[in-house]
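Spelled out, the chains give:
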Amino acid sequence: MFNLILFGPPGSGKGTQSANIVEKYGLVHLSTGDLLRHERAMKTPLGIEAQQFIDKGQLVPDEVVIGMISSALDANTDAPGFLFDGFPRTVAQAEALDRLLDLKRASINLVLFLEVDDEELIKRLVNRGKTSGRTDDADENIQRKRQEVYKNETLPVAGHYSKHKKVVQVNGMGDVEEIFGQLAQQIDRRMDSYVG
Ligand code: AMP
């Protein structure tokens, strides 16, 4: 199994690039944001609980998202690998993911870190808010909260994986195709050394 985390702040392009990566490499895409929005649309108890956190720009509790990921891993036993998008968002989630993968004799092979500067992030989220229909995109205060939560709670996840030399930074500013080219180059390199 080849397992990849696409890492970066809200608005860094993880969703867009995940679609490109999944198409090229056939990995199973696991986005906790998408899974939570699906639960919310279905009005499940989990979705209703999560909504309060999402609408404030806060993180949904670790045990909720870890449970969702655990179920998704079990539901995809034939997967050639997973692309994690928007997960893990705390060090506790990263540690839980390591344990879940360990049970499958697998691990995270690569963390691709999309770097985009703060002003550009807010600009992108404001634009996305006009079309995405996401309440947490439309409000600038919620966006700022999400960036703050990212810095305080999520950024340390990169530290967790850099201890194991798994993190590669990629410039996330500019043309979508160009950025994808750089991501693909890093994935190919890591896949070659993993297989060989
Ligand atoms: P996203 O689509 O990844 O930007 O996620 C939207 C919102 O869902 C976030 O602002 C959080 O409220 C929640 N969320 C998504 N993934 C996670 C996660 N791994 N841990 C906690 N909350 C999450």
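Before any of the text, the structure's been laid out above.
Bear in mind the structure is a predicted one, so any value in this text is a computation, not a measurement.

Asks: How should helix α6 (residues 118–131) be read in this particular structure?
Replies: Each turn of an α-helix holds 3.6 residues, which means side chains three or four residues apart point in the same direction. With 14 residues, α6 ought to run about 20 Å at 1.5 Å a step, and its terminal C-alpha atoms sit 21 Å apart, in line with that. Those residues of α6 not exposed but buried are Glu120, Leu121, Ile122, Leu125 and Gly129. Where α6 is buried, its residues touch α7 (135–138) and α8 (140–162). Positive backbone phi, at 75 degrees, marks Gly133, one or two positions downstream of α6.

Asks: What am I meant to see in the nonpolar core here?
Replies: Soluble globular proteins tend to bury their nonpolar side chains together. Ranked by internal contacts, the top residues of the largest apolar core, which has 31 residues, are Phe84 and Leu97. Where this core is concerned, the elements lending two or more residues are β1 (4–7), α3 (45–54), α4 (62–75), β3 (82–85), α5 (91–103), β4 (110–115) and α8. Among the elements that take part in this core, α4 stands out by supplying seven residues, more than any other. Not counting residues up to four positions away in its chain, the partners in contact with Phe84 are Asn3, Leu4, Ile5, Leu6, Leu30, Ile69, Leu73, Leu97 and Ile108. Ranked by size, the runner-up nonpolar core spans 17 residues in total, among them Ile21, Leu110, Ile179 and Ala184.

Asks: I would appreciate a short explanation of unusual backbone geometry in the present structure.
Replies: Among all residues save glycine, negative phi is the norm, and among peptide bonds the norm is trans. In the segment running from Phe87 into Pro88, the intervening peptide bond is cis, with an omega of -5 degrees. For Pro88, the location among the structural elements is in the loop between β3 and α5. In this structure, Lys43 is a non-glycine residue whose phi angle is positive, near 55 degrees. Lys43 sits in the exposed class, given a relative accessible area of 64%. The phi dihedral of Arg105 is positive, around 55 degrees, even though this residue is not glycine.

Asks: How should I be thinking about the site of the ligand in this particular structure?
Replies: Around the ligand, 16 residues are found, and the nearest of them are Thr32, Arg37, Gln58, Arg89 and Gln93. One of the side-chain N or O atoms of Thr32 is found 2.8 Å from a nitrogen atom in the ligand. Arg146 is positioned with one of its side-chain polar atoms (N or O) 3.4 Å from an oxygen atom of the ligand. If the ligand stood free it would expose 480 Å²; the protein chains cover 96% of that surface. Per-element accounting of the shell around the ligand gives the leading share, four residues, to helix α2 (residues 32–41). Along the lines of polarity and charge, the residues of the shell around the ligand split into six nonpolar, five polar and five charged.

Asks: Help me out: how do you make sense of the side chain of Gln147 in this one?
Replies: Summarising the element assignment, Gln147 is placed in helix α8. Within the structure, the side chain of Gln147 is placed 3.1 Å from the backbone oxygen of Pro10, a separation counted as a polar contact. Gln147 has contacts with Pro9, Pro10, Leu121, Ile122 and Leu125, leaving out every residue within four places of it along the chain.

Asks: How do you make sense of the packing of aromatic side chains when you look at a structure like this?
Replies: Geometrically, a pair of aromatic rings is defined through the distance of the ring centres and the angle of the planes. Taken as a whole and judged by the stated rule, the model has four aromatic pairs. Plain terms: the ring middles of Phe82 and Phe84 are 6.0 Å apart, the flat faces sit at 35 degrees to each other, and that makes the pair tilted. For the pair Phe82 and Phe84, one class covers both residues: buried. Chaining the aromatic ring pairs together yields one cluster made of Phe7, Phe113 and Tyr150.

Analysis parameters
- Within any chain, residue numbers begin from 1 and follow the written order of that chain's sequence.
- The predicted origin of the model limits local features to residues at a pLDDT of at least 70 and limits the giving and counting of side-chain atom pairs to 80 or more, whereas totals for whole chains, interfaces and linings rest on all residues.
- Calculation of side-chain values draws on the structure's entire complement of heavy atoms; hydrogens and water are dropped beforehand.
- Note on conventions: DSSP H or I runs of at least 4 residues are helices, E runs of at least 2 residues are strands, and numbering of each starts at the N terminus.
- The span one expects for a helix is its residue count, reduced by one, times 1.5 Å.
- Think of it in three bands: residues with accessible area under 20% of the maximum for their type are buried, residues over 50% are exposed, and the middle band is partly exposed, with areas taken using a 1.4 Å probe on protein chains only.
- Contact definition: two residues touch when any of their heavy atoms are within 4.5 Å.
- By convention a nonpolar core is built from buried Ala, Val, Leu, Ile, Met, Phe, Trp, Tyr and Cys residues, the set being connected through side-chain atoms within 4.5 Å.
- To be near a molecule or strand, a residue needs just one of its heavy atoms within 4 Å of it.
- What qualifies as a polar contact is a pair of N or O atoms within 3.5 Å, subject to a donor-acceptor requirement within protein and to the restriction that residues adjacent in sequence count only when both atoms come from side chains.
- All accessibility values rest on the Shrake-Rupley procedure with a 1.4 Å probe; residue burial counts only the protein chains present in the view.
- Here the term charged refers only to Asp, Glu, Lys and Arg, the term nonpolar to Ala, Val, Leu, Ile, Met, Phe, Trp, Tyr, Cys and Pro, and the term polar to all other amino acids, Gly among them.
- The pairing test for Phe, Tyr and Trp rings, Trp by its six-membered ring, is centres within 6.5 Å, and the orientation test on the planes gives stacked under 30 degrees, edge-to-face over 60, and tilted for anything in between.

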